[in-house]
There are 4 protein chains.
Amino acid sequence: MLFERVESEGLAHYSYIVGDGNEAVVIDPRRDCEVYRRMAEREGMGIATILETHRNEDYIIGSLELAARTGAEVFHADGHLDYRYGDAVEDGMRWKVGRLEIEAISTPGHTLGSMSYLLRDARGDPWIVFTGDALFAGDLGRVDFMGMDRAEEMAGLLYESIFDRLLPLGDGVIACPAHGAGSACAASIADRKWTTLGIERKRNPKLQVGGVEEFVEKMAVELEMPPYFREMERLNLAGAPHLATLPDPATISPEEFEESAEDGLVLDTRTELAFGAAHVPGALNIWLAGVPSFAGWFLPYDRDILLVDETSDLSIATRRLRRIGYDRLAGHLAGGMVAWHMAGKKSDSIATATVPDLCARLDSEEKENAWILDVRGDDEVKRSGRITGAHQIHITKLPERIREVPRNRPVYIFCGSGLRSMVAASILRREGLEEMTVILGGLAAWSSAKCPVVK
Amino acid sequence: MLFERVESEGLAHYSYIVGDGNEAVVIDPRRDCEVYRRMAEREGMGIATILETHRNEDYIIGSLELAARTGAEVFHADGHLDYRYGDAVEDGMRWKVGRLEIEAISTPGHTLGSMSYLLRDARGDPWIVFTGDALFAGDLGRVDFMGMDRAEEMAGLLYESIFDRLLPLGDGVIACPAHGAGSACAASIADRKWTTLGIERKRNPKLQVGGVEEFVEKMAVELEMPPYFREMERLNLAGAPHLATLPDPATISPEEFEESAEDGLVLDTRTELAFGAAHVPGALNIWLAGVPSFAGWFLPYDRDILLVDETSDLSIATRRLRRIGYDRLAGHLAGGMVAWHMAGKKSDSIATATVPDLCARLDSEEKENAWILDVRGDDEVKRSGRITGAHQIHITKLPERIREVPRNRPVYIFCGSGLRSMVAASILRREGLEEMTVILGGLAAWSSAKCPVVK
Amino acid sequence: MLFERVESEGLAHYSYIVGDGNEAVVIDPRRDCEVYRRMAEREGMGIATILETHRNEDYIIGSLELAARTGAEVFHADGHLDYRYGDAVEDGMRWKVGRLEIEAISTPGHTLGSMSYLLRDARGDPWIVFTGDALFAGDLGRVDFMGMDRAEEMAGLLYESIFDRLLPLGDGVIACPAHGAGSACAASIADRKWTTLGIERKRNPKLQVGGVEEFVEKMAVELEMPPYFREMERLNLAGAPHLATLPDPATISPEEFEESAEDGLVLDTRTELAFGAAHVPGALNIWLAGVPSFAGWFLPYDRDILLVDETSDLSIATRRLRRIGYDRLAGHLAGGMVAWHMAGKKSDSIATATVPDLCARLDSEEKENAWILDVRGDDEVKRSGRITGAHQIHITKLPERIREVPRNRPVYIFCGSGLRSMVAASILRREGLEEMTVILGGLAAWSSAKCPVVK
Amino acid sequence: MLFERVESEGLAHYSYIVGDGNEAVVIDPRRDCEVYRRMAEREGMGIATILETHRNEDYIIGSLELAARTGAEVFHADGHLDYRYGDAVEDGMRWKVGRLEIEAISTPGHTLGSMSYLLRDARGDPWIVFTGDALFAGDLGRVDFMGMDRAEEMAGLLYESIFDRLLPLGDGVIACPAHGAGSACAASIADRKWTTLGIERKRNPKLQVGGVEEFVEKMAVELEMPPYFREMERLNLAGAPHLATLPDPATISPEEFEESAEDGLVLDTRTELAFGAAHVPGALNIWLAGVPSFAGWFLPYDRDILLVDETSDLSIATRRLRRIGYDRLAGHLAGGMVAWHMAGKKSDSIATATVPDLCARLDSEEKENAWILDVRGDDEVKRSGRITGAHQIHITKLPERIREVPRNRPVYIFCGSGLRSMVAASILRREGLEEMTVILGGLAAWSSAKCPVVK
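Counting restarts for each chain: residues are numbered from 1 in the order of the written sequence. Chains and ligands are labelled by the order in which they are written, letters from A for the one and numbers from 1 for the other. For a predicted model such as this one, the threshold for reporting local features is a pLDDT of at least 70, and the threshold for listing and counting side-chain atom pairs is 80 or more; totals across whole chains, interfaces and linings nevertheless cover every residue. As a rule here, side-chain values come from all non-hydrogen atoms in the structure, and water together with hydrogens is ignored.

Focus: the interface of chain D and chain A
(1) Moving on: Between chain D and chain A, the residue contacts involve 27 residues of the former and 27 residues of the latter.
(2) Moving on: Throughout, buried area stands for the accessible area (probe radius 1.4 Å) lost by two parts on being put together, summed over both. Together, the buried faces of chain D and chain A total about 2000 Å²; carbon and sulfur atoms form 70% of this surface.
(3) Moving on: Of all residues in chain D, the largest losses of buried area upon contact with chain A belong to Leu273, His341 and Met342 of chain D, amounting jointly to 26% of the total for that side.
(4) Moving on: By definition here, a salt bridge exists when the distance from a side-chain nitrogen of Lys or Arg to a carboxyl oxygen of Asp or Glu is within 4 Å. Across the contact surface, chain D and chain A share zero salt bridges.
(5) Moving on: Definition of a polar contact: a pair of N or O atoms within 3.5 Å, with one able to donate and the other able to accept a hydrogen when the atoms are protein atoms, and with sequence-neighbouring residues admitted only if both atoms are side-chain atoms. Our count for the contact surface shared by chain D and chain A stands at six residue pairs in polar contact (both at pLDDT 80 or more).
(6) Moving on: Helix and strand labels come from DSSP, where a helix needs a run of H or I of at least four residues and a strand needs a run of E of at least two; each type is numbered from the N terminus. Those elements that place two or more of their residues in the side of chain D that touches chain A are α8 (272–277), α11 (336–342) and α16 (442–448) of chain D.
(7) Moving on: Under the scheme applied here, ten amino acids are nonpolar (Ala, Val, Leu, Ile, Met, Phe, Trp, Tyr, Cys and Pro), four are charged (Asp, Glu, Lys and Arg), and all others, including Gly, are polar. Tallied by class, the residues present in the side of chain D that touches chain A amount to 13 nonpolar, ten polar and four charged. Contacts are assigned to residue pairs that have any heavy atoms within 4.5 Å of one another.

Rendered as structure tokens:
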């Protein structure tokens, strides 16, 4: 028997493969889908069926890619939408997988046609339920995707899905959601990689409600939505291009890189320190591990992307960008910033300071003038507190609220660690702001140094 | 947060690593323990603590090896035993792991001092319980290790451990046992890789009892015990040699191989077909995937082991043999059987036949004379039925019951697939039996061919 | 600086990558060309140029595939042919590669337009010459490809190429040919992985001649030509399909496999022992390492190929078959022969015997009747001698000379080791021959056993 | 047949494995010697013999380690020295390796007892000569190791070794030295990975001499000698500790790291940009790729080494440091500098500037005051020119000449690229210098910017 979770780090996307006998089923595959084939092949199984829990918004579903390679049949939830390929799932449909059986359970709320899939073991007992974006560890799927005017209606649907369809399966059933902590598909998924219906019933904060009204009130809130979601929705209906048809990212000499950068966007995936010290003028900084979470907020789909990194290996960045549809990855700078400088090219820099440095400065005359920018989200601010006088603009809102940041005063940027602050700084610099300093270690450093925090 | 299961295929041994912040804990590590260090390092964690659920019988525990490399503290369950290293666990002991907490719960029954470990999540809620060999998916740990005279007493202890200590933690708690399907530590662990207390409470056949009496009656049975268990028990008290002190298995020319084989034991890990066709005279056959399950039954600890395989890569066999303490692995035959034959060496062979072949023969005059040997276990025979007139000797009993097999009649050997039959045939041949035939596909083939089966 | 050889084992094909600064050049790339890109990327280089030494006959050139991924420019030798892509090389053309320089040297003879490429080091001194199929270690490229009527003319061209163009570059220049020992592109390439013009000038048997006449006489001989060469020539002009457009080989259950085998060809890549013991009826046997050398002789291009192997990993066989254009690889048998037998399917077998077994039989009454088939080539027979009375039919000629093998006598098959004998046996069996025995260890075993050999 | 070069990047150390039949020979193995065993095992060979070309000075020879794992016999050149293990080679000794043969040729000069090893092919013809540190591509081994008073004597010996023993083997013989470009064992090895006696005879600058006098004059010069050479010489006589006995480097939390740093040395292997932006106070910077070349100059053997890096993978740094005997590698900072800052720790920084930045400053008032430090070696200065007024102190001499660098003036540091400049800056900072700026891109940037250079 085969049962494995495949995690796409950064996106916090979970997909699953289940197999028995000679057949396997994949639930919500990702676009770089070689991994499922290898797992199945190793067990002597062919992938016969691909099940989607809903039309995904936050990554490119790999159903079309995987079906093309394996001949598997694709079943879409949200079957009311106009898919260009595959078939629609209906409530109660069943698939045999060797001795096992999978059954579709309609669980709308996150989307209109969301499906969960119950896996029964060889004796027919409920064992695992794949809940998609309906139920997460410690949270539920957001209900604001249809617009806030329909949010209460969707929350109502979700209430029924959870309380009437999922929880009755029994406390002992293992719940396998489509996302883990860090996903943009819910407000705050818990850092609990494996969970059960019982744990969620008792501990999931969204389920501790007196009834449907309280539930709807709790759920019907508007959350942030990265701009790339619309592109994902479009591609997941139409089918994304096959990966094999995309040209390989190139290794580009400083001269050509400089030229290409005129029309393209330079994405620098180095750490906040290296980027701050020197970068190609105009570059956007997102440290490599942050790419899955932040690229979709700040990268355009209609321009070539040119990478600056510190490695000779393009494969990680390529994979991560392609998972969210950035197919115009032209390549990376040959030899990195050392080669750039050796070729006599100019670079830009952004100042950094530690918390003790900052305190020293604030103690001096600068205090009046200093403008502290906090780019963390509300949740974090609530949890860890904030610095008196700091101006909070969540990093994802920075492009639209950039005018709030003053151009004639020294700006000190905080986040939790310093990493997002440098992303923010690179955005500000691209808009022409000059005087800014990223605080290394961010609010964690501030707290470690016992500086005062308001909660 | 880090939570991963590490599975040692074949042994069906599960160990676990849990980490948060800068620290990690490993539960029941295996001897080739590099894997835990790499997982921890990748997350920026050091391994601080090693917890054992009981003094293991079926593999070499990696605690000493891992502690030597990491400086971690080792905690033994079964603390009444005379360990040469580490400290004893007591009921209720707690370990902080970042925001998480682990608590020892005394769950005797499989052994006198078995421990389970409850992992609480960041909010202090019960999340996962590591049950060692107390509770498996679909089964419980055997209680006959202290001898059958104490089996009822041990079963009584186990009853309390399960019903008073584990199940009250709640249906939703995930249960992580030390073994999966195929282990020799219980009669019939279910093929359900992940499970919960709720699933086990409702579906585990051993838990569907009216009370302690019925439970004790069900549990207090004697099971097979591979002879190597005693060696494991001894080494897990005293500490096994460090892997780095063992010499590397060599690549041995046919001439030297023939010479070394005089004092050593030749273990041929090829498939039943290749072995049957030709093998080094006197070789024992255990196909590679069967090594973890069968080596401990048939291999001695006091002789050099000489491998014949079909690959240039010794690492898999080496790892699997060392996990159960076979440290005298001298090496393998350079160039395999092709080189052996090219060097002009003699080989032996064992006949094989398909079910249709066999039927043809049985239809002829041979019928009277033929002696059918079925080397499957009772469970399998009960499940899949048997051939009328077949003589059942479980393969593990073959060495001691070998005289029951006639030397003057054609012996036809059945198992489930043909693989164990060739192991059995190699044992018989080593004892001088000449006329025997392995039935390819075994009872599965017999059933597929619609030949009559008695249930 | 980058200089590496990439060897395609089995085909004994050598390709090369040379780079300096930001640019790299690949000479005679293979079809699975990811390896060159990774090497270049690691050094911060882009592949700008692809050079072919001649229109290859024995494998699919990767120029088109690699150019599609990198944008490199392709230069063909044999520019008189009608290529569908790329440009023609001319004698004396030069390419700058950082501080290095490559120069085309016309060296016809093996083909009409064969080119060598001289690599000069950073100071402009001759360093390495890529000789394609003109000059090998210990041999020269065959001159019979244009037909035997033009062989003398071609040999004359080759004489000039070697003596007037290559050798004058100097004894110290390193010669890098397109093939190593084992290739079908020359009679007997030496097992000397690296060589120099000096070594070849002094030791290459084909160059130890008094003048052009002696040379032409030595060279103008007809060699065997695998039937797949014509397909390679065709594809290397027209451009082979992109690998990414090919469907992935599948994992096929015994039932489907049996069905597909009716129209397809079953290729069993297991060893001679396992195949002999049992195989899918009608299967052709070529052991995995023999696939690159023998598939092109015996496999058709117009039928699906169905693999039987002993591994869950299809990638090696897939890669090897695709290198020579076998793109219709449908998949492999799930679970191998064990699953086949368990499903109740019939299998066929071919007898094997060791040399001592054979001798025992030949000493008995069978001697008169026995017919010994030796499937080795002339070279080997000359080198190692032969068995009195054996009938030599080179394995490559077996399909066309199959009627010479008697159907009513016991046939004993010899090669060097037993591996090719089983290939031959599988061919004979497919043609309906029943009584045959493969001699394990082949002539090497015969000689090791001190049986009489005639030289 | 097996013939492979194993390159230890950074050290530019070349070792070789040669095998035929069932036996292999390794020449000058490195300490992490698993690679040779795997190569031999893959070919079905055992390593029977280990040959050293001389008592190495620049890395830990792996003979003892490899012998312990394989049982191979070790042969030392420089047999007059007092080795604690192995046997001495003598001129003319021969070893059979399958069909091949190796012969020892005495080639003193670099050391008193240096040996070369001639490999003859299957026909007995000279094929490859392993020249150790006697003959390199484009250079010869230095002769100053016995002290300058014996340098002329050693040069005389080397003359005979080259002209009387090696070159007469013939232009076509392939020369395989123990080092490539970048090694500290010769002044300037050419960037020509493969070479021949013919190429060296004609092009090696050291061999273009009128006679022995001119040769001796050219060779008898003093070169730099890294301090770690003495430790290598000592360990290569006595035998280094087995790798398996060393504790594993740990993952260390910021708190513990800070504590351990008091007695240990912090080595930061990040790039010049990241290190410059922020580093643990007191850290020495050597970028990862520079570790093999520079660690031996600046790292002590008697203190714990604590790494700061940007990766979760310690294995590369560990391997590189152990190759030169740095066995006291305590571990690395968990979470890198981000974690350091988040923990509220202080960091230090070093200013960087691009060439245009610098020019702008030099144009201003600072010009008079600025002190330009050029840490390149004489060779590079000669080749690429220098900046007027710059003070040249080769980086390797910096510790002893540190007082020449003024403390009260702005110091601008140049090397070829900026990487070594940051190493130098970290050394200066450790000695208390405050005002210094590393010029990014170094002299290459200066030249690219067309700034004036004096040659």
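A few points about the packing of helix α3 (residues 151–166) of chain D against helix α5 (residues 212–219) of chain D
Residues and elements named next belong to chain D.
(1) Moving on: To obtain each axis, a line is fitted to C-alpha atoms, and for helices this fit is confined to the stretch in contact; angles are then taken between N-to-C directions over 0 to 180 degrees. Look at α3 against α5: their axes get within 9 Å of each other, and the N-to-C directions meet at 125°. What the angle tells us is that α3 and α5 run oblique. Between α3 and α5 lies a crossing of right-handed hand. Contacts from Glu152, Ala155, Gly156, Leu158, Tyr159 and Phe163 in α3 reach Val212, Phe215, Val216 and Met219 in α5.
(2) Moving on: Considering only residue class, the contact of α3 with α5 consists of eight nonpolar, one polar and one charged. Small angles under 35 degrees read as roughly parallel and large ones over 145 as roughly antiparallel, with 65 to 115 read as roughly perpendicular and the rest as oblique. Handedness of each helix crossing follows the sense of rotation of the near helix against the far helix: counterclockwise by less than a right angle gives left-handed, clockwise gives right-handed.

What about the side chain of His332 of chain C?
(1) Moving on: Looking at the secondary structure, you find His332 of chain C in strand β19 (residues 329–333).
(2) Moving on: Among residues more than four places away in sequence, those in contact with His332 of chain C are Glu41 of chain A together with Ala250, Thr251, Ile252, Phe257, Leu307, Asp309, Thr311, Ser312 and Leu314 of chain C.

Some thoughts on the domain arrangement of chain A
(1) Moving on: These domain boundaries are the output of an automatic or database domain assignment. The domain boundaries assigned to chain A delineate domain 1 (2–230), domain 2 (246–343) and domain 3 (351–454).
(2) Moving on: Distance between the C-alpha centres of domain 1 of chain A and domain 3 of chain A: 38 Å.

Focus: the interface of chain C and chain A
In many analyses, interface size is given as the accessible surface area lost on bringing the parts together.
(1) Moving on: In this assembly, 19 residues from chain C lie in contact with 19 residues from chain A.
(2) Moving on: Note on chain C versus chain A: buried area summed over both sides is about 1500 Å², and carbon and sulfur give 42% of it.
(3) Moving on: Of all residues in chain C, Glu41, Asp248 and Thr251 of chain C bury the most surface against chain A, accounting for 37% of the area lost on that side.
(4) Moving on: On inspection of chain C and its partner chain A, the count reaches six residue pairs in polar contact (both at pLDDT 80 or more).
(5) Moving on: If you tally residues by element for the side of chain C that touches chain A, the top one is helix α1 (residues 34–42) of chain C, at three residues.
(6) Moving on: Residues belonging to the side of chain C that touches chain A are distributed by class as follows: six nonpolar, seven polar and six charged.

Concerning the relation of the copies chain D and chain A
(1) Moving on: A residue counts toward the fit only if its pLDDT is at least 70 in both copies, and the copies are then superposed by least squares on the C-alpha atoms of those residues. Here chain D sits on chain A after a turn of 180° about the axis and a move of 0.0 Å along it, with an RMSD of 0.0 Å. Here the symmetry operator amounts to a two-fold rotation axis. Looking at the rotation axis and the C-alpha trace of chain D, the residue lying nearest is Ala274 of chain D, at 2.1 Å.
(2) Moving on: In this assembly, 100% of the residues forming the interface of chain D have copies in chain A that are likewise at the interface, indicating an isologous arrangement.

Topic: the relation of the copies chain C and chain A
(1) Moving on: Taken as rigid bodies, chain C and chain A are interconverted by a rotation of 180° and an axial shift of 0.0 Å, the fit giving an RMSD of 0.0 Å.
(2) Moving on: By residue overlap, the copies meet face to face through one surface: 100% of the interface positions of chain C are interface positions in chain A.

Topic: the sheet that holds strand β22 (residues 391–392) of chain A
Residue and element names in this part refer to chain A.
(1) Moving on: If you walk across this open sheet you meet the five strands as β20-β24-β23-β21-β22, and the pairing is parallel. Two strands in the sheet have a free side with no partner beyond their single neighbour: β20 (351–353) and β22.
(2) Moving on: The sheet strands contacting helix α14 (residues 419–430) are β20, β21 (371–374), β23 (411–414) and β24 (436–439), and the helix crosses β24 at an angle near 170°. We treat two strands as partners when DSSP finds at least two bridges between them.

Some words on the pairing of strand β1 (residues 2–8) of chain C
Residue and element names in this part refer to chain C.
(1) Moving on: Using a 1.4 Å probe on the protein chains alone, a residue whose accessible area is under 20% of its type maximum counts as buried, one over 50% counts as exposed, and one in between counts as partly exposed. The element β1 is largely enclosed, with a buried count of five among its seven residues.
(2) Moving on: Where β1 and strand β2 (residues 13–20) come together, seven bridges link them in antiparallel fashion. Bridge pairing in β2 links Glu4 to Ile17.
(3) Moving on: Joining the antiparallel neighbours β1 and β2 is a turn of four residues, in which Gly10 adopts a positive phi near 90°.

Focus on the packing of aromatic side chains
(1) Moving on: Note on ring pairs: Phe, Tyr and Trp rings are taken, using the six-membered ring of Trp, and paired if centres are within 6.5 Å. Classes follow the plane angle, with under 30 degrees stacked, over 60 edge-to-face and the rest tilted. This structure, assessed with the given rule, holds 66 aromatic pairs over all chains.
(2) Moving on: Judged by centre distance (5.8 Å) and plane angle (40°), the rings of Trp287 of chain D and Phe294 of chain D are tilted. Phe294 of chain D carries the same exposure label as Trp287 of chain D, and that label is buried.
(3) Moving on: The rings of Phe3, Tyr16, Trp127, Phe130 and Trp194 of chain A together with Phe3, Tyr16, Trp127, Phe130 and Trp194 of chain B are connected pair by pair, giving a single aromatic cluster.
(4) Moving on: Lying across the ring of Tyr14 of chain D, Arg5 of chain D places its NZ or CZ 4.0 Å from the centre.
(5) Moving on: Of note, Arg5 of chain D hangs over the ring of Trp194 of chain D, and the distance from its end group to the ring centre comes to 4.1 Å. Both a distance and an angle decide whether a charge sits over a ring: NZ of Lys or CZ of Arg must be within 6 Å of the ring centre and within 35 degrees of the ring normal.

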